[in-house]
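Reading the structure
Spelled out from the first residue to the last, the chains are:
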Amino acid sequence: NLRGVTDYVETALPQEDTGRRPARIEIDAAGNYHDWVLESRLAFLEESEHAWQRGETRLVRDFPERSTRLEAGDLSLPIAGFQNRRPMAGLSFGTQFDLQPDRAFQPAGTREFVLDRPSVVDVYVNGQPTRNLRLLPGRYDVRDFRFGNGVNDVRIRIEDDLGRVGDLDFGFAFEPALLAQGKHQFSYSLGFPSVANGDLGGYERERTTLSGFHRYGLGPALTVGANLQADVDQWLAGVEATWAGTWGSV
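Right, let's walk through the structure included here.

About the cut-offs
Residues numbered from 1 in each chain as written. Predicted model: local features only at pLDDT ≥ 70, side-chain atom pairs only at ≥ 80, totals over all residues. Heavy atoms only, no water. Helix = DSSP H or I, 4+ residues; strand = E, 2+ residues; numbered from the N terminus. Buried < 20%, exposed > 50% of the residue type's maximum accessible area, 1.4 Å probe, protein only. Contact = heavy atoms within 4.5 Å. Areas by Shrake-Rupley, 256 points an atom, 1.4 Å probe, with all protein chains shown as cover. Salt bridge = Lys/Arg side-chain N within 4 Å of Asp/Glu carboxyl O. Core = buried A, V, L, I, M, F, W, Y, C linked by side-chain atoms within 4.5 Å. Phe/Tyr/Trp six-rings, centres within 6.5 Å; stacked < 30°, edge-to-face > 60°. Lys NZ or Arg CZ within 6 Å of the ring centre and 35° of its normal. Pairing = 2+ DSSP bridges.

A word on the overall build of the protein chain. In terms of helices and strands, the protein chain carries zero helices and 20 strands. A buried classification covers 31% of the 250 residues belonging to the protein chain. The contacts of the protein chain with a sequence gap of at least 6 include a subset with a gap of at least 24, amounting to 47%. Carbon and sulfur atoms form 53% of the exposed surface of the protein chain, whose accessible area is close to 15800 Å².

Here it is, written out as C-alpha cells:
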C-alpha cells in the first residue's frame, strides 16, 4: 500500500505562504513466501532533515494450529503485571489467540441458546433484571449481554409470539483476565531497545533485554502467572493470580 498527499494553497493569510506544500508519502508493504511474511514501513517527508524514515520491519511466521506466532525484527511486546511497554528489536515467540477465532480461550461452559420464533427476552443477572429485548429467530450467545465480573447467575426468560414462556439458567465466571482451564498464554522476547536515531532509527546494542510472561488457567475461575523483564541495569519479576468469585474478581 502506498499513500501520499500534497497540498497546493492558492490564497492564504498575509503571514502564510502560498504554493505547494511538502509532500508526505507512506509505504506499507508485506510479502508472503511459504508462510513467512516480511512486513515493513517506509515514509518520505519532503524538505525534512531526514527525508526517508524507516518504520517497523519484521519477519513473521504464524502457527495457527497452536495459536502461536514467531517474530524477528522490530517487536511490539505484549506485557503483564508491572512490565514496561518498550519498543525493541529481536526475537519473540508467543501465543496469538486470534489465529483461531472459532475457539474459546476464556472459561465458558454452556453459553448459547436458540430462538425458534420472534420472542421477548428478559435477562436477569444475579436476580436483578438487566435487559429487555425483542429478538428474531436465531442463535444467541449469553456473552452478548452485559454483566459484572465474577461468577454470575444468569437467567433468561423467553416469551415467544405465541405466548409460550420458558426460562434458561446459566452460571459461569466472567473475567477478561481469566483463561480457560488448561490453557496457556505466553510471550518470550529477547533483543535490544529501539531508539530514535535519524532516518533509520537505531538500537541500544549494549543493553540486551529479556521480556516475557507465562499465564495458565488453573481452573475455570482461577488463572495464575509469572513474568520477568530484565536488562543490564534493571530486573523486574512478578507473579499474579486472578480469581472470579460470587462477589466479583480478585
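The next subject is the environment of leucine 77. Within the secondary structure layout, leucine 77 lies in the loop between β7 (68–75) and β8 (88–95). In this structure the C-alpha to C-alpha distance between leucine 77 and serine 189, which are 112 residues apart in sequence, comes to 7.7 Å. Discounting chain neighbours no more than four positions away, the residues touching leucine 77 are Arg85, Arg86, Met88, Ser189 and Ser211.

Our focus in this paragraph is the pattern of salt bridges. Applying the stated rule across the entire model yields 17 salt bridges. One salt bridge in this structure joins arginine 157 and glutamate 159, with 3.8 Å as the shortest N-O distance. With a relative accessible area of 28%, arginine 157 lands in the partly exposed category.

Phi angles above zero are rare outside glycine, and histidine 34 is one such case at about 50°. Locating histidine 34 in the fold gives a position in the loop between β4 (24–33) and β5 (36–45).

Turning next to the side chain of asparagine 227. Considering the arrangement of structural elements, one finds asparagine 227 in strand β18 (residues 222–230). Residue classification places asparagine 227 among the buried positions, given a relative accessible area of 9%. Discounting residues that sit within four places of it in the chain, asparagine 227 has contacts with Ala80, Gly81, Gln83, Gly212, Phe213, Leu236, Ala237, Gly238 and Val239.

Looking now at the nonpolar core. In this structure, Phe113, Leu115, Val121, Val123, Val125, Leu133, Leu135, Val142, Val154, Ile156, Ile158 and Phe170 together form the largest nonpolar core, which totals twelve residues. Elements with a minimum of two residues in this core: β9 (112–115), β10 (119–125), β11 (128–135) and β13 (150–160).

Moving on, we come to the packing of aromatic side chains. With the rule as written, the count across this model stands at three aromatic pairs. The interplanar angle of 50° and the centroid separation of 4.9 Å between the aromatic rings of phenylalanine 44 and tryptophan 52 together place this pair among those described as tilted. Residue tryptophan 52 is classed as partly exposed on the basis of its relative accessible area, which comes to 45%. Arranged with centres 5.7 Å apart and planes meeting at 45°, the rings of phenylalanine 93 and phenylalanine 186 form a pair that is tilted. Taken together, the positions of phenylalanine 93 in strand β8 and phenylalanine 186 in strand β15 (residues 184–195) put the pair 93 residues apart, joining distant regions of the chain. The partly exposed category is assigned to phenylalanine 93, whose relative accessible area is 32%. Residue classification places phenylalanine 186 among the buried positions, given a relative accessible area of 14%. Site record: aromatic cluster; members linked through ring pairs are Phe93, Phe186 and Tyr188. Arginine 155 extends its terminal NZ or CZ atom over the ring of tyrosine 124, reaching a point 4.4 Å from the ring centre.

This paragraph deals with the pairing of β11. Here β10 runs beside β11; their pairing, made up of seven bridges, is antiparallel. Paired with tyrosine 124 across the two strands is proline 129, which belongs to β11. In textbook terms, the turn of a hairpin is the stretch between consecutive antiparallel strands, and for β10 and β11 this stretch comprises two residues, one of which, asparagine 126, has a positive phi near 55°.

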